[in-house]
Amino acid sequence: MSTPDFERYRRLVDEIDAPPAQKDEMIRVIRRIMQYFIDRGFGLLPEQKITRIFQENSLIAAPDRVNIRRKSAKVKQAKPTGLTGGPG
């Protein structure tokens with residue numbers, strides 16, 4: 001974080017009774033927390049990127065397997081339930 005950024009945020013923590021080094025550390029921690037949520041929201045976390053790569057590679061490597069799953073899902077939906085009208 002640049003010095004102008006620190007100066008801007010130091011004003012927000014002026015009223016906290018702590019040494020300047022501790023206030024700077026609080027600013028860094030809060031910034032990291034905020035950056036985590038921003039990255040998570042945009043899918044930029046390393047685990048999100050890896051998961052996306054694995055999903056894309058599995059779809060490219062086995063398109064037939066994907067089609068089979070779709071076909072079997074349609075067949076399951078089309079099966080009759082075995083229930084007929086009421087007692088006759």
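Here the residue index of a chain counts from 1 through its sequence in written order. Selection of residues for local features in this predicted model requires a pLDDT of at least 70, selection of side-chain atom pairs for listing and counting requires 80 or more, and totals for whole chains, interfaces and linings are taken over all residues. Only hydrogens and water are set aside when side-chain values are computed; all heavy atoms of the structure are taken into account.

Q: Explain the overall build of the protein chain to me, please; I cannot follow it from the model alone.
A: Under the DSSP-based scheme used, a helix requires at least four consecutive residues in state H or I and a strand at least two consecutive residues in state E, with every element numbered from the N terminus. When you go through the protein chain residue by residue, the secondary structure sums to four helices and zero strands. Any residue under 20% of the maximum accessible area for its type is buried, any over 50% is exposed, and the rest in between are partly exposed; the area is computed with a 1.4 Å probe on protein chains only. Burial statistics for the protein chain: of 88 residues in total, 11% are counted as buried. Carbon together with sulfur atoms contributes 59% to the accessible area of the protein chain, which is approximately 8,000 Å² in total. All accessible-area figures derive from a Shrake-Rupley calculation using a 1.4 Å probe, and residue coverage is judged against the displayed protein chains alone.

Q: Help me understand the layout of surface pockets in this model?
A: Leftover empty space is mapped by rolling, across the atoms, a probe with the size of a water molecule. Of the pockets and cavities examined, the largest pocket occupies roughly 240 Å³. The method works on a 1 Å grid over the protein atoms by themselves. A cavity is a set of points holding a 1.4 Å probe that cannot get out, a pocket is an open set with protein on both sides within 12 Å along at least five of seven lines, and residues with an atom within 4 Å of a point line them. Along the walls of the largest pocket sit Met1, Asp5, Tyr9, Leu12, Val13, Met26, Ile27, Ile30, Arg31, Met34, Gln35 and Ile38, which together make up its complete lining. Among the elements of the structure, α1 (3-10) and α2 (20-41) are those that each provide at least two residues to the lining of the largest pocket. At seven residues, α2 tops the list of elements feeding residues into the lining of the largest pocket. Three categories are distinguished: nonpolar for Ala, Val, Leu, Ile, Met, Phe, Trp, Tyr, Cys and Pro, charged for Asp, Glu, Lys and Arg, and polar for the others, with Gly belonging to the last. For the lining of the largest pocket, the residue count by class is nine nonpolar, one polar and two charged. Grid points are joined across faces, edges and corners, and a volume is the space filled by probe spheres set on the points.

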